[in-house]
Amino acid sequence: MVIHESLRLYPPVAVVSREALEDMQFGDILVPKGVNIWTMVLTLHTDPQIWGPDSYIFNPNRFANGITGACKIPQVYMPFGVGPRVCLGQNLAMVELKLLISLLLSNFSFSLSPNYTHSPVLRLVIEPENGVDLLVNKL
Ligand code: HEM
């Protein structure tokens, strides 16, 4: 739940793009050949109409009943992309994250340094603008 919520609010890949290789019609919308379409993952992940009024709040419990329980349109949760070019490493990434977090939390406790300022920025990926100063104690 914590990993899902982190990937929802801070998706490392905040934008995925596709180029139309031919003219394409979606209902009333014509997408001409050659146009690049950017899907704003972060916008989809924080839309209050989809996630509820607390959509900008970090709340891992929203995933207590899985992705379908967390939002109205589960397809919009796409930290690893969707479709034929979905991230090949998504299962490996999830296992790595679970292992790493379990190992770290069973050996150390963490708290935020008073120096920390919350300022996520979109560069190549979403990252903390001023780094993350942590106070780490060995258990
Ligand atoms: C938290 C970690 C990761 C995130 C958030 C992530 C996210 C993504 C996203 C958003 C895409 C683009 C999907 C699209 O265009 O629709 C992608 C593609 C890809 N990812 Fe990841 N990824 C992660 C970890 C990994 C790992 C660990 C590997 C390999 C060991 C990996 C391998 C790939 C590959 C090969 C593609 C290209 C797939 C294709 O174009 O067919 N990723 N990833």
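In the annotation of an unreviewed UniProt entry, the protein is listed under the name Cytochrome P450 and assigned to Corchorus olitorius. The record held by UniProt for the protein lists under Cofactor (unreviewed entry) the comment "heme". Database annotation for the protein, UniProt heading Subcellular location (unreviewed entry): "Membrane".

Next up on the list: the overall build of the protein. Helix and strand counts for the protein stand at 5 helices and 8 strands. A total of 139 residues make up the protein; the buried ones form 9% of that total. In the protein, once contacts between residues fewer than 6 apart in sequence are set aside, the share between residues at least 24 apart is 50%.

Our focus in this paragraph is the nonpolar core. V41, W51, A70, C71, Y77 and M78 form the largest nonpolar core, which has 6 residues in total. Discounting chain neighbours no more than four positions away, the residues touching W51 are T46 and C71.

As recorded in UniProt, the sites labelled "binding site: heme" (unreviewed entry) are C87. Structurally, the position occupied by C87 is in the loop between helix 4 (66-70) and helix 5 (90-107).

Surveying the vicinity of the ligand reveals 13 residues, the closest of which are V13, G81, C87, G89 and A93. Split by residue class, the shell around the ligand holds 10 nonpolar, 2 polar and 1 charged.

Here helix 5 spans 26 Å end to end across 18 residues, near enough to the 26 Å set by a 1.5 Å rise per residue. With 0 of its 18 residues buried, helix 5 lies for the most part at the surface.

What follows covers the confidence of the model for the protein. Looking at the protein, pLDDT values average 95 and 100% of them are 70 or higher. For this predicted complex, the interface score ipTM comes out at 0.96, while the overall pTM is 0.92.

Another point: the environment of A14. By secondary structure assignment, the location of A14 is in the loop between helix 1 (2-9) and strand 1 (15-19). C-beta crowding within 10 Å serves as the criterion here: with 19 such atoms nearby, A14 is assigned to the partly exposed category. For the pair formed by A14 and V76, sequence separation is 62 residues and the distance between their alpha carbons is 12 Å. Apart from the residues lying within four places of it in its own chain, the contact partners of A14 are V41, L42, L122 and I126.

What follows is about the environment of L104. Along the chain, L104 turns up in helix 5. It is 9.7 Å that separates the C-alpha atoms of L104 and K138, two residues lying 34 residues apart in sequence.

Reading the values: the criteria
- Residues numbered from 1 in each chain as written.
- Predicted model: local features only at pLDDT ≥ 70, side-chain atom pairs only at ≥ 80, totals over all residues.
- UniProt positions renumbered as here; feature names shortened; annotations may be inferred.
- Helix = DSSP H or I, 4+ residues; strand = E, 2+ residues; numbered from the N terminus.
- Buried ≥ 20, exposed ≤ 12 C-beta atoms within 10 Å, placed from the backbone.
- Contact = placed C-beta atoms within 7 Å.
- Core = buried A, V, L, I, M, F, W, Y, C linked by C-beta atoms within 7 Å.
- Near = placed C-beta within 6 Å.
- Nonpolar A, V, L, I, M, F, W, Y, C, P; charged D, E, K, R; others polar.
- Expected span 1.5 Å × (residues − 1).
- pLDDT = per-residue confidence, 0-100.

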